[in-house]
Every structure is written in C-alpha cells, then in structure tokens.
Amino acid sequence: MSFLGINWFKYSSPQAFHPLAGRMIPWFSAAALALIGIGLYFGFFIAPTDFQQGDAYRIIFVHVPAAWMSMFLYVIMAAWAGLGLGLNARPSFMMAQAIAPTGAMFTFLALLTGAMWGKPTWGAWWVWDARLTSELILLFQYIGIILLRTSIDDLRRADRASAVFALVGVVNVPIIYFSVRWWNTLHQGASVSMTASPKMAATMVTAMLVMTLGFWMYSFAVTLARVRCVIAERERQPSWGKNSSIQEVAEAR
Amino acid sequence: MQWGSPTEFWAMGGYGLYVWTSFGATALCMVWEVLAVWRRHASAAAGSRDMS
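Before going into details, it helps to say that this report is about the structure given with it. (Residues numbered from 1 in each chain as written. Chains lettered and ligands numbered in written order. Predicted model: local features only at pLDDT ≥ 70, side-chain atom pairs only at ≥ 80, totals over all residues.)

1. Re the overall build of chain A
Under the convention used in this document: Helix and strand definitions follow DSSP, with helices as H or I runs of at least four residues and strands as E runs of at least two, each counted in order from the N terminus. Partly exposed residues are those falling between the two cut-offs: more than 12 but fewer than 20 other C-beta atoms within 10 Å of their own, whereas 20 or more means buried and 12 or fewer means exposed, with C-beta atoms placed from the backbone. The contact rule is simple: place each C-beta atom from the backbone, and if two of them lie within 7 Å, those residues are in contact.
In terms of helices and strands, chain A carries eight helices and two strands. In chain A, the succession of helices and strands from N to C terminus is β-β-α-α-α-α-α-α-α-α. Looking at chain A residue by residue over its 253 residues, the buried ones come to 37%. Sequence separation of at least 24 residues holds for 74% of the intrachain contacts in chain A that already meet a minimum separation of 6.

Below is the structure:
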C-alpha cells in the first residue's frame, strides 16, 4: 500500500513508528499551545457575556471540548482495539492502551466542569439525568479498561481482554450523544449540530471550536508520547529468540 | 472587550469561583498528564538503555 509515495506498512511496526511519533510530537504540541491560546483569547475577550447565564457560560469553552474529546477518544480507542483484534496487530493494541488515560482524563474534566456549570445555572452540582449518568458510566468504562489491563500479567491476553471491553462499551457513546434527545434531561440540547445553525453567537462557536481543535492536537501529542513509552517498556521485556529462557519471559510478564 | 478592569475580569460577573475552578482544573490535569508522560518516558528510556 503506497499513498503519497509513502510505504505506510513500514510504520505499522513499533520499531519504525517510534521515531516517526517522536518527530510528530513537537508539531502537535506547538499546534495545541497556539490553538488553545487563541481559543482562550476568543473565549474570554472576544465572546460577549451571555444574556441569560452571564459569564458562567464561559465554562462551555472547556466543558464542551472536554466532553467531545471523551467521546471521540473512546471511539478511536475502540477502533484501534478492533483493528488489533482483527489483524492481531500489536501496535494497534499499543495505541488503544496509550489513548485510554487521556480519554479518562477528559471524561473526568467533562464531569467536573459540568458540576461547576450546573451549580450556578441549575442550583445542583449533580443530577441523575441521562446525559450526566451515561457520561459517568463512560468514566467507569475507561477506568475498567485501564484496570483490566493492569490486572492481567500476560501482555497478549491483557491486550485482547481490554480490546473486547473497549469494543463492547462503544454502545455507550451514541447513548451519551443522543441522551438529550431520547430522554427529557435537565442537560441542555446540542448547541451546535451539523443540520441546524448554531444556537450561539458566532464568536462563541468559534472559541469553542478552536478550543476543541486545540484539545485534539493536545491529545495527538500526549498519546503519541505515551505510545512511545509503551513501545519502549514492551521492548525492555525479554522476547523470544533473544537468548532468553522460558523462565525469563515468564518472569517479565 | 467587556472587561472594564482586571478585578472585573477575575470576578467573571460573580461566577469567578466556578469559571476559574473549571479552567484551573483543566489546566492542572493537562500539565500533570504531560509531566507524568515525560517521567514515564524518562524511566522507559533509561530502562531500555540498561538492556542494550
């Protein structure tokens, strides 16, 4: 498979992917810093005060990007997990492993910033409505996937078990997304959608989308950095054929 | 620009606590995650040098 004159299969081996990821990290980091900087400037200095919610609405500039990332990252993690199961490809499992902690962090942040927004606007930090509950379940899924991996000593089994868990859990993502439509929730509906014009001022939407793009770049940078750690950690373990005994391999796993 | 003074900016129309907690927690988590990955990378790199 060659596209744009690059042999992409070359990068499907961890040894080739490790330096490639290393070269891409600075670019993604710089893009993340720039976009988040612009997004914050738009969010705090250009976007006007909301006529209903006052300045409390500005939490949207971290809340919505974090919540979107929590769902995006889950789907991407599950896709890598599925690819790993289908092709029995180690790098795919490593990508899934590297994405999980970042996804869990954004899910936690979505819940925390949501509580910070809920208190002044609804008068409650937390309510058990469909959107909030399904997002909380997503956090438990991420934690479950991470803990399941650490609880299985055999790497290949850990890869497959957490991949199956991730794939089954994907069903929760559309539930989170459509929860505000399927059920009568206290949580407000979608502010931005593909089909209708946004229900916010253009500057607010711009700030939110630029922040989201910044969070994407951050996620790329941090997961690529983490996948490099994962590759290095796994290579450290004695593998078959490198003059290692069964005993050594067993001890390392 | 709707802020008359820095004090007004930090007050966020009375919602300062909620707004700054949200942004502060997000910043802290991101910085912490970057540092954690950095440290993990350092120890992983040190470990693979030991092997070779």
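Still more ground to cover, so stick around.
2. Section: the overall build of chain B
When helices and strands are tallied, chain B shows two helices and zero strands. Out of the 52 residues belonging to chain B, those deemed buried represent 13%.

3. Section: the interface of chain A and chain B
Spelled out, the test is: In this classification, Asp, Glu, Lys and Arg are treated as charged, Ala, Val, Leu, Ile, Met, Phe, Trp, Tyr, Cys and Pro as nonpolar, and every other residue, Gly included, as polar.
If you look at the interface, chain A gives 30 residues, while chain B gives 24 residues. Among the secondary structure elements, those contributing two or more residues to the side of chain A that touches chain B are helix H2 (60-87), helix H3 (90-122) and helix H7 (202-236) of chain A. The residue inventory of the side of chain A that touches chain B, partitioned by class, reads 17 nonpolar, five polar and eight charged.

4. Thoughts on the environment of Leu40(A)
Tracing the backbone shows Leu40(A) in helix H1 (residues 14-46). We classify Leu40(A) as partly exposed; it has 19 C-beta atoms within 10 Å.

5. What about the nonpolar core?
Cut-off, in case you're wondering: By definition, a nonpolar core groups buried Ala, Val, Leu, Ile, Met, Phe, Trp, Tyr and Cys residues that connect through C-beta atoms lying within 7 Å of each other.
Ranked by internal contacts, the top residues of the largest apolar core, which has 67 residues, are Ile59(A), Met77(A) and Ala96(A). For this core, the secondary-structure elements that each account for two or more residues are H1, H2, H3, helix H4 (130-151), helix H5 (155-169) and H7 of chain A together with helix H2 (16-51) of chain B. Top contributing element to this core by residue count: H7(A), with 17 residues. Contacts of Met77(A), omitting those with residues within four sequence positions, involve Ala96(A), Ile99(A), Ala100(A), Gly103(A) and Ala166(A).

6. Focus: H2(A)
Put simply, the rule is: Expected helix span is computed as 1.5 Å times (number of residues minus one).
Here H2(A) is 28 residues long and its end C-alpha atoms lie 40 Å apart, about the 40 Å a rise of 1.5 Å per residue gives. One or two steps after H2(A), the chain reaches Asn88(A), where phi turns positive at roughly 55°.

7. With respect to unusual backbone geometry
With the exception of glycine, the majority of residues adopt a negative phi angle, and the majority of peptide bonds are in the trans configuration. One non-glycine residue with positive phi stands out, namely Asn88(A), at about 55°. Mapped onto the elements, Asn88(A) comes out in the loop between H2 and H3. Despite not being glycine, Met12(B) shows a phi value in the positive range, around 50°. Note that Met12(B) resides in the loop between helix H1 (6-11) and H2. Given 20 C-beta atoms within a 10 Å radius, Met12(B) is considered buried.

8. Regarding the packing of H2(A) against helix H6 (residues 172-182) of chain A
All names here are of chain A. So the rule is basically this: Here an axis means a line fitted to C-alpha atoms, over the contact stretch when the element is a helix, while the angle between two N-to-C directions is reported on a 0 to 180 degree scale. Roughly parallel means an angle under 35 degrees; roughly antiparallel, over 145; roughly perpendicular, 65 to 115; everything else is oblique. For any pair of crossing helices, the crossing counts as left-handed if the nearer helix is rotated counterclockwise from the farther one by less than a right angle, and right-handed if it is rotated clockwise.
Closest axis-to-axis distance for the H2/H6 pair is 10 Å, and the angle between their directions is 155°. What the angle tells us is that H2 and H6 run roughly antiparallel. As for the relative orientation of H2 and H6, their crossing is left-handed in sense. When H2 is examined against H6, the residues Met71, Tyr74 and Val75 are found in contact with a partner set consisting of Val173, Ile176 and Tyr177. Looking at side-chain class alone, the contact of H2 with H6 contains six nonpolar, no polar and no charged residues.

9. As for the environment of Thr212(A)
Residues and elements named next belong to chain A. Tracing the sequence through the fold places threonine 212 in helix H7. Look at threonine 212 and you get buried, because 21 C-beta atoms sit within 10 Å. Linking threonine 212 and alanine 32, residues 180 residues apart in sequence, is a C-alpha distance of 9.7 Å. Dropping the residues within four chain positions of it, threonine 212 is found in contact with Pro65 and Trp68.

10. Some points on H3(A)
All names here are of chain A. Let me state the cut-off plainly: A residue's bend is simply the angle between two axes: one fitted to the seven residues ending at it, one to the seven starting at it.
A rise of 1.5 Å per residue sets the reference length of H3, with its 33 residues, at 48 Å; its end C-alpha atoms lie 46 Å apart and thus fit the reference within 8%. The largest bend along H3 reaches roughly 25° and is located at alanine 100, with the proline proline 101 sitting one to four residues downstream. Most of H3 is tucked away, with 25 of its 33 residues classed as buried.

11. A look at the packing of H1(A) against H7(A)
Residue and element names in this part refer to chain A. Running from N to C, H1 and H7 cross one another at 155°; their axes reach a closest spacing of 7 Å. Judged on the interaxial angle alone, H7 and H1 are roughly antiparallel. In this structure, H1 crosses over H7, and the sense of that crossing is left-handed.

12. Details of the environment of Met94(A)
Residue and element names in this part refer to chain A. Secondary-structure assignment places methionine 94 in helix H3. Using a count of 23 C-beta atoms within 10 Å as the deciding quantity, one classes methionine 94 as buried. Each C-alpha atom, one on methionine 94 and one on tryptophan 68, is 23 Å from the other, the two residues being 26 residues apart in sequence. Setting aside chain neighbours within four positions, we find methionine 94 in contact with Pro14, Val227, Val230 and Ile231.

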